[in-house]
Amino acid sequence: MGTTIHSSPASADRTGAVNAPARESVLILGASSSIARWTAHAFARRGYDLILAGRDDDDLARLASDVRVRHNMGAETLHFDALSVSSQATAFGDAVRLAGGAEHLAGVVLAFGLLGDQRRAAHDSELAGYLVDVNFTAAVRVLTVASDHFESRGRGFIVAVGSVAGDRGRQSNYVYGAAKAGLAVFMQGLRHRLAPMGITVLTVKPGFVDTQMTFGHPGLFLVAPPSAVGEQIARAVEEQRSVLYVPAFWRIVMLIIRLLPQRIFHRTRL
Ligand SMILES: NC(=O)c1ccc[n+]([C@@H]2O[C@H](COP(=O)([O-])OP(=O)(O)OC[C@H]3O[C@@H](n4cnc5c(N)ncnc54)[C@H](OP(=O)(O)O)[C@@H]3O)[C@@H](O)[C@H]2O)c1
């Protein structure tokens, strides 16, 4: 970690002496994703150190030095493959160690995901299973470890990036959408479990975002920049929100799509 000054407020003990502000870190899983990197900058701007976890070590190292230079905050990297059982089991413990102890790991943002090719996944059970493994099973495994950490710490936040695709099964992306729907229900249950401790459990539901994932895909509309999405994720954590549609109008768009009667819905190519 760097030796920079953390922006958390200093606190006074019973003798009136002012303690040094506690440094707090945020773990970002899948940190080389476009949405994640902007989320990392948004948390660094708010005074958090970062632990950047993902598969592309070189890219993470570049992001870490960018965070240090731009925000004067600490940034560490962690090799993490969401599909590796050992990564799923150890990533969180490694992050606690890098943060300097359980007290210092304030939150986790799970950003990894894979859209995949729905036209292939519709007929290829290997691919369909793979998409569910990345987007759902791996997320459940890692967040189960994370949930115990925050439960015993008694405060903090857990963020998972889901998708509006999980709001209604559609022919264009229902394998990916089913995994994201499962993730949303898992987060809902986690929120229920951790609510008595005041732990924020936030599900982010982006619409179309201009990232590697959507690059070259036909038929996209109302595409948002990942920088705006990252900033809104950090703000939603500050506001202790439960579900964030981003941009916000997607809540209305998806409400309409959910309410479409089946006979009309089946005539669309959504
Ligand atoms: N872009 C959109 O329109 C959109 C809309 C709704 C939701 N989302 C969600 O937003 C999140 C971020 O996606 P993005 O749009 O920023 O796309 P992205 O740039 O393609 O990011 C996806 C990230 O997931 C990582 N990943 C995939 N498989 C992994 C694995 N086995 N282990 C570790 N990391 C893995 C990728 O790592 P590598 O670089 O190593 O491949 C990459 O960093 C995803 O959960 C996605 O489902 C995106």
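Quick notes on the rules
- Residues numbered from 1 in each chain as written.
- Predicted model: local features only at pLDDT ≥ 70, side-chain atom pairs only at ≥ 80, totals over all residues.
- Heavy atoms only, no water.
- Helix = DSSP H or I, 4+ residues; strand = E, 2+ residues; numbered from the N terminus.
- Contact = heavy atoms within 4.5 Å.
- Areas by Shrake-Rupley, 256 points an atom, 1.4 Å probe, with all protein chains shown as cover.
- Lys, Arg positive; Asp, Glu negative; His and termini not counted.
- Charge placed at Lys NZ, Arg CZ, Asp CG, Glu CD.
- Phe/Tyr/Trp six-rings, centres within 6.5 Å; stacked < 30°, edge-to-face > 60°.
- Lys NZ or Arg CZ within 6 Å of the ring centre and 35° of its normal.
- Buried < 20%, exposed > 50% of the residue type's maximum accessible area, 1.4 Å probe, protein only.
- Pairing = 2+ DSSP bridges.
- Near = heavy atom within 4 Å.
- Polar contact = N/O pair within 3.5 Å; in protein donor to acceptor, adjacent residues only side chain to side chain.
- Nonpolar A, V, L, I, M, F, W, Y, C, P; charged D, E, K, R; others polar.
- Core = buried A, V, L, I, M, F, W, Y, C linked by side-chain atoms within 4.5 Å.
- 1 Å grid on protein atoms, 1.4 Å probe; cavity = no way out; pocket = protein on both sides within 12 Å on 5 of 7 lines; lining within 4 Å.
- Points joined across faces, edges and corners; volume = space filled by probe spheres on them.
- Salt bridge = Lys/Arg side-chain N within 4 Å of Asp/Glu carboxyl O.
- Right-handed = clockwise from strand over helix to strand, strands pointing away.
- Patch = residues over 30% accessible without salt bridge, like charges linked within 9 Å, V, L, I, M, F, W, Y side chains within 5 Å.

Enquirer: Can you help me understand the overall build of the protein chain in this one?
Expert: The helix and strand tally for the protein chain stands at 9 helices and 7 strands. Long-range contacts, defined here as pairs at least 24 residues apart, represent 68% of the contacts in the protein chain between residues at least 6 apart. Surface accessibility of the protein chain: about 13,100 Å² in total, with carbon and sulfur atoms responsible for 55%. Looking at charge distribution, the protein chain has the averaged site of its 28 positive side-chain charges lying 9 Å from that of its 23 negative ones.

Enquirer: Teacher, can you tell me more about the packing of aromatic side chains here?
Expert: Two descriptors summarise a pair of aromatic rings, namely the distance from one centre to the other and the angle between the planes of the rings. Counted by the stated rule, this structure contains 7 aromatic pairs. Residue placement shows Arg168 over the ring face of Phe265; its charged tip is 3.8 Å from the ring centre.

Enquirer: Would you mind showing me how to read the pairing of strand β4 (residues 105-110) here?
Expert: Two faces belong to every sheet, and in a regular strand the side chains alternate between them. Of all 6 residues making up β4, 6 are buried, and the element is well covered by its neighbours. Note that strand β1 (residues 25-29) and β4 share 5 bridges and pair parallel. Considered in β4, the bridge of Leu29 is made with Leu110. Pairing between β4 and strand β5 (residues 157-161): 4 bridges, direction parallel. If you follow Leu110 over to β5, its bridge partner there is Ala160.

Enquirer: Hey, could you run me through the site of the ligand in this one?
Expert: Taken together, 27 residues lie near the ligand, and Arg55, Ala82, Tyr176, Val209 and Thr211 sit nearest. Within the side chain of Ser32, one N or O atom sits 3.2 Å away from an oxygen atom of the ligand. A distance of 2.8 Å separates an oxygen atom of the ligand from a polar side-chain atom of Arg55. Calculation on the ligand without its partners gives an accessible area of 880 Å², and the protein chains cover 89% of this total. At the level of secondary structure, the elements contributing two or more residues to the shell around the ligand comprise α1 (34-45) and α6 (174-194). Within the shell around the ligand, the residues separate by chemical class into 13 nonpolar, 11 polar and 3 charged.

Enquirer: Quick question: what am I supposed to make of the nonpolar core here?
Expert: Across soluble globular proteins, you tend to see nonpolar side chains buried next to one another. Of all hydrophobic cores here, the largest spans 35 residues; its most connected members are Phe43, Leu50 and Leu52. Top element by residues in this core is α1. It accounts for 6 residues. Not counting residues within four places of it along the chain, the set of residues in contact with Leu50 comprises Val26, Ile28, Ala40, Phe43, Ala44, Val67, Gly74, Ala75 and Glu76. Counting 32 residues, the second largest nonpolar core, distinct from the first, contains Ala82, Ala95, Val108 and Ala146.

Enquirer: Got a minute to help me understand the layout of surface pockets in this structure?
Expert: Left-over empty space is what a probe sized like a water molecule reveals as it rolls over the atoms. Approximately 230 Å³ is the volume found for the second largest pocket. Along the wall of the second largest pocket there are 13 residues; nearest its centre are Glu24, Tyr48, Gly156, Phe157 and Val237. Residue classes in the lining of the second largest pocket are distributed as 5 nonpolar, 3 polar and 5 charged.

Enquirer: Looking at this structure, I do not really get the side chain of Arg170. What am I missing?
Expert: Examined against the element boundaries, Arg170 turns out to sit in the loop between β5 and α6. For the buried Arg170, which has no salt bridge, the nearest side chain bearing the opposite charge is Asp167, at an N-O separation of 8.3 Å. Other than its neighbours up to four places away in sequence, Arg170 contacts Val164, Ala165, Met254, Ile257, Phe265 and Leu270.

Enquirer: Mind showing me how you'd approach the pairing of strand β7 (residues 243-246) here?
Expert: Judged from the 4 bridges that link them, strand β6 (residues 200-206) and β7 form a sheet pairing that is parallel. The residue of β7 that forms the bridge with Val204 is Leu244. Chirality of the crossover, the property in question, places the unit of β6, helix α7 (residues 226-238) and β7 among those that are left-handed.

Enquirer: Even after reading the chapter, I still don't get a nonpolar patch on the surface, so can you show me in this structure?
Expert: On the surface, Leu83, Leu114 and Tyr130 cluster together into a nonpolar patch covering about 220 Å² of accessible area. In this structure, Leu83 sits in the loop between β3 (75-79) and α3 (85-99).

Enquirer: Explain the environment of His79 to me, please; I cannot follow it from the model alone.
Expert: Take His79: it is sitting in strand β3. Put simply, His79 and Gly30 are 49 residues apart on the chain and 9.8 Å apart in space, counted from C-alpha to C-alpha. Leave out the neighbours within four places in its chain, and His79 touches Gly54, Arg55, Asp57 and Ser87. At 2.7 Å, the side chain of His79 and the side chain of Asp57 are in polar contact.

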